[in-house]
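An overview of the molecular structure
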Protein chains: 2
Amino acid sequence: MIKNMQDLIKKAQALPTKKLVVAVANDHPVLEAVIMAKNEGLITPILVGDVQKIKDTFKDLGESYRDFDMIDVKDSILACETAVKLVSSGQADILMKGFVDTSVILRAALDREYGLRTQNRLSHASIIEIPLYHKLLLMSDGAMNIEPDVDIKQEIIENGVEILHAIGISNPKVGIVAAVEKVNPKMQATLDAQELIIRNQNDNIKGCTIGGPFGLDNAINKEAAIHKGVTDEMAGDVDFLLMPQIESGNVFYKSMMFLANAKSASVIAGAKKPIVLTSRADSKDSKFYSIALAVLVAEFKA
Amino acid sequence: MIKNMQDLIKKAQALPTKKLVVAVANDHPVLEAVIMAKNEGLITPILVGDVQKIKDTFKDLGESYRDFDMIDVKDSILACETAVKLVSSGQADILMKGFVDTSVILRAALDREYGLRTQNRLSHASIIEIPLYHKLLLMSDGAMNIEPDVDIKQEIIENGVEILHAIGISNPKVGIVAAVEKVNPKMQATLDAQELIIRNQNDNIKGCTIGGPFGLDNAINKEAAIHKGVTDEMAGDVDFLLMPQIESGNVFYKSMMFLANAKSASVIAGAKKPIVLTSRADSKDSKFYSIALAVLVAEFKA
């Protein structure tokens, strides 16, 4: 049972090493995390980009590039294309963004010919370790889907549930977050909760149990739920917080990271293979945890 | 300088005692907090409602009702009307909700004849003490205004700024929260940030400095702001988080209370006098802090 980031890393280390390909790899903090993940036995990296620039980045970091596979593609767009093709062809297991705009790598990843598309939309999911919560918590989507309608919310749930399956939670409890616990026609989040629960009961959303609408307190604290008369069995014990829109998810993620001493691992889900797309504001640890999570997801998808 | 809840209570205790009127006062947790606030010298309570029921509540709590002024009005709607009139006529300074639906007391508070209306809409504001933030933080609106447009956001800011003035912060830094730092036409929160800043610069929103759009991290953490290239001077040091919609505010408030060991005081602002409207889920301390905050706001408005 994975209870924290340390368990997650151990579980990833126990698996066969995965091939991770970095698109436009001359990025200092990304390379740092990649070197760490390689040293910890999680991945074998393939670095795509301007090889001279990549070597210079190693030098800046005071690290040796001797053991690293590199593919020399100077143009960023072509480097992304090359990296994506390595993953979609099965020669690598994980795609990671380097020193290139998110839009450029996602365009390559979503290419209809050589990309990593599935029938689901891409979504961003974070596994968060919060000192005051009793287990890991997946939260989605605080970074990609701005104002998802109920169909997109279904895909965000399906993408997140696969990640939870990958880390060993076989029937995760998915709490649909709103500002209130009662369905209110003026609040779309509560109507969507109702609809998503029906889809789950009709087996149109599988592999999880969906409950809500929950105020955040009822989703993560049993006493608060009892106070409010919320009787759902999963109250206080959810594995997955589905957020109503990008701002709530983003505020929650950043609240946890900056005000609650949390740790997190994030991946882009909904593609054929996991995509690691860290932000400059993420710590080195977050980047490393994200690679470990991607290893587990890649193994699960294999 | 008020840095935490203890300072806030001390400042409230130093003021002349305020008259607080409870509408439908036979509410156990509300009476508990009212008794505590009376014992601490913050308020003189006036209890409106079914006097027999109020006395029974005192008995349940093992407390004496000897020193308490009571007005016998058995019907809840009439009790709310009586309570509101006491405040609007100047015989009392603070209105507090007891054992009655929020909608009933707000209807009385908003009555055009005898109510507490101003030209601004009502909004809910919380002052939060967060162990990992260096000062008190006002957050609004996580409880009343569902999806405020930019005009309503202006009123939410004005209402919150008055509260900050009341606790001694003369020119608060107001951070407009969004999911990203750059204006993006697909994200209304970022467009509203731009407009609110212009209104502030044109002196249409006074008594504060407005900045944004901020990701939450940049608003409350200087290093995170520097990482993302956010140069606004107030980055990492805001006094006021304006949330884009009710869900983000609600999620932030509950994140802090349940996962970040925070303390909070909340009032309804935008009325002629402060209204204390606590929820059953609030702790006894939160209710007490809210009364202390209302005392400061009432003094400021006097």
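You'll find the structure just up there.
Figured I'd write up the structure that's included with this text. (Residues numbered from 1 in each chain as written. Chains lettered and ligands numbered in written order. Predicted model: local features only at pLDDT ≥ 70, side-chain atom pairs only at ≥ 80, totals over all residues. Heavy atoms only, no water.)

A few points about the interface of chain B and chain A
Each partner contributes residues to the interface: chain B has 39 residues there, and chain A has 39 residues. Of the roughly 3,300 Å² buried between chain B and chain A on both sides combined, carbon and sulfur atoms contribute 69%. On the surface where chain B and chain A come into contact, there are two salt bridges. Here B:Lys254 and A:Asp217 are joined by a salt bridge, their closest N and O atoms 3.4 Å apart. Remark: the boundary between chain B and chain A carries seven residue pairs in polar contact (both at pLDDT 80 or more). Counting residues per element, the ones that place at least two in the side of chain B that touches chain A are helix 8 (216-220), helix 9 (222-227) and helix 10 (246-259) of chain B. Looking at the side of chain B that touches chain A, the element that brings in the most residues is helix 10 of chain B, giving 11 residues. Of the residues that constitute the side of chain B that touches chain A, the class distribution is 22 nonpolar, nine polar and eight charged. (Contact = heavy atoms within 4.5 Å. Buried area = accessible area lost by both parts, 1.4 Å probe. Salt bridge = Lys/Arg side-chain N within 4 Å of Asp/Glu carboxyl O. Polar contact = N/O pair within 3.5 Å; in protein donor to acceptor, adjacent residues only side chain to side chain. Helix = DSSP H or I, 4+ residues; strand = E, 2+ residues; numbered from the N terminus. Nonpolar A, V, L, I, M, F, W, Y, C, P; charged D, E, K, R; others polar.)

Thoughts on the packing of aromatic side chains
Residues and elements named next belong to chain A. Counted by the stated rule, this structure contains six aromatic pairs over all chains. Residues phenylalanine 58 and tyrosine 65 carry aromatic rings whose centres are separated by 6.0 Å and whose planes lie at 70° to one another, so their mutual orientation is edge-to-face. Its relative accessible area of 0% is what places phenylalanine 58 among the buried residues. Using a relative accessible area of 29% as the deciding quantity, one classes tyrosine 65 as partly exposed. An aromatic cluster is built from Phe58, Tyr65 and Phe68, whose rings are joined through pairwise contacts. Its guanidinium or amino end placed over the ring of phenylalanine 68, lysine 38 lies 4.9 Å from that ring's centre, counting from NZ or CZ. (Phe/Tyr/Trp six-rings, centres within 6.5 Å; stacked < 30°, edge-to-face > 60°. Buried < 20%, exposed > 50% of the residue type's maximum accessible area, 1.4 Å probe, protein only. Lys NZ or Arg CZ within 6 Å of the ring centre and 35° of its normal.)

Looking at the side chain of A:Lys254
If you trace the backbone, A:Lys254 turns up in helix 10 (residues 246-259). What makes A:Lys254 buried here is its relative accessible area of 7%. At 3.4 Å, the side chain of A:Lys254 and the side chain of B:Asp217 are in polar contact. Residue contacts for A:Lys254: discarding those within four places in its chain leaves A:Leu259, B:Ala179, B:Glu181, B:Gly215, B:Leu216, B:Asp217 and B:Lys228.

Looking at the packing of helix 4 (residues 76-88) of chain B against helix 5 (residues 102-109) of chain B
All names here are of chain B. Running from amino to carboxyl end, helix 4 crosses helix 5 at an angle of 40°, the nearest separation of the two axes being 9 Å. In this view, helix 4 runs oblique relative to helix 5, as classed from their interaxial angle. Classified by chirality, the crossing of helix 5 by helix 4 is right-handed. Judged by residue contacts, Ile77, Cys80, Glu81 and Val84 of helix 4 engage Val104, Ile105, Ala108 and Ala109 from helix 5. (Axes fitted to C-alpha atoms, helices over the stretch in contact; angles between N-to-C directions. Parallel < 35°, antiparallel > 145°, perpendicular 65-115°, else oblique. Left-handed = near helix turned anticlockwise from the far one by under 90°.)

Looking at the side chain of A:Lys18
Residues and elements named next belong to chain A. Of note, lysine 18 is situated in strand 1 (residues 18-23). Judged by its relative accessible area of 6%, lysine 18 falls in the buried class. Side chain to side chain, lysine 18 and glutamate 299 meet in a polar contact 2.6 Å long. Aside from chain neighbours lying at most four places away, what touches lysine 18 is Leu42, Ile43, Thr44, Asp93, Ile94, Val295, Ala298 and Glu299.

Quick notes on the relation of the copies chain B and chain A
Taken as rigid bodies, chain B and chain A are interconverted by a rotation of 180° and an axial shift of 0.0 Å, the fit giving an RMSD of 0.0 Å. These values place the two chain copies in the arrangement generated by a two-fold rotation axis. Distance from the rotation axis, computed per C-alpha, reaches its smallest value in chain B at B:Ser248: 2.1 Å. Of the residues that chain B buries at the interface, 100% are likewise interface residues in chain A, meaning the two copies contact each other through the same surface. (Least-squares fit on C-alpha atoms with pLDDT ≥ 70 in both.)

What to know about helix 4 of chain B
All names here are of chain B. For helix 4, with 13 residues, the first-to-last C-alpha span of 18 Å sits near the 18 Å given by 1.5 Å per residue. Contact partners of the buried residues in helix 4: strand 1 (18-23), strand 2 (43-49), strand 3 (69-72), strand 4 (94-97) and helix 5. At the N-terminal end of helix 4, a side-chain oxygen is found 3.1 Å from the backbone nitrogen of isoleucine 77, two or three residues along, and the residue is aspartate 75. Within two residues after helix 4, glycine 90 carries a phi angle of roughly 90°, on the positive side. (Expected span 1.5 Å × (residues − 1).)

Thoughts on the pattern of salt bridges
Within the structure shown, the criterion is met by 32 salt bridges over all chains. Between A:Lys228 and A:Glu181 there is a salt bridge, with its nearest N and O atoms 3.5 Å apart. You can see A:Lys228 sitting in the loop between helix 9 (222-227) and strand 9 (240-242) and its partner A:Glu181 sitting in the loop between strand 7 (173-177) and helix 7 (188-201), a full 47 residues away along the chain. Given the relative accessible area of 26%, A:Lys228 is considered partly exposed. A:Glu181 sits in the partly exposed class, given a relative accessible area of 22%. The closest approach of N and O atoms between B:Lys38 and B:Asp67, which form a salt bridge, is 3.8 Å. Taken together, the residues B:Lys38 in helix 2 (residues 28-39) and B:Asp67 in the loop between helix 3 (51-61) and strand 3 connect sequence positions 29 residues apart.

A closer look at the packing of helix 6 (residues 150-166) of chain B against helix 11 (residues 284-301) of chain B
Residue and element names in this part refer to chain B. Between helix 6 and helix 11, the shortest axis-to-axis distance is 8 Å and the interhelical angle comes to 95°. One finds that helix 6 runs roughly perpendicular with respect to helix 11. Together, Glu162, Ile163, His165 and Ala166 of helix 6 and Leu293, Leu296, Val297, Phe300 and Lys301 of helix 11 make up the contact between the two elements. Partitioning the contact of helix 6 with helix 11 into residue classes produces six nonpolar, one polar and two charged.

Geometry only, nothing functional implied.
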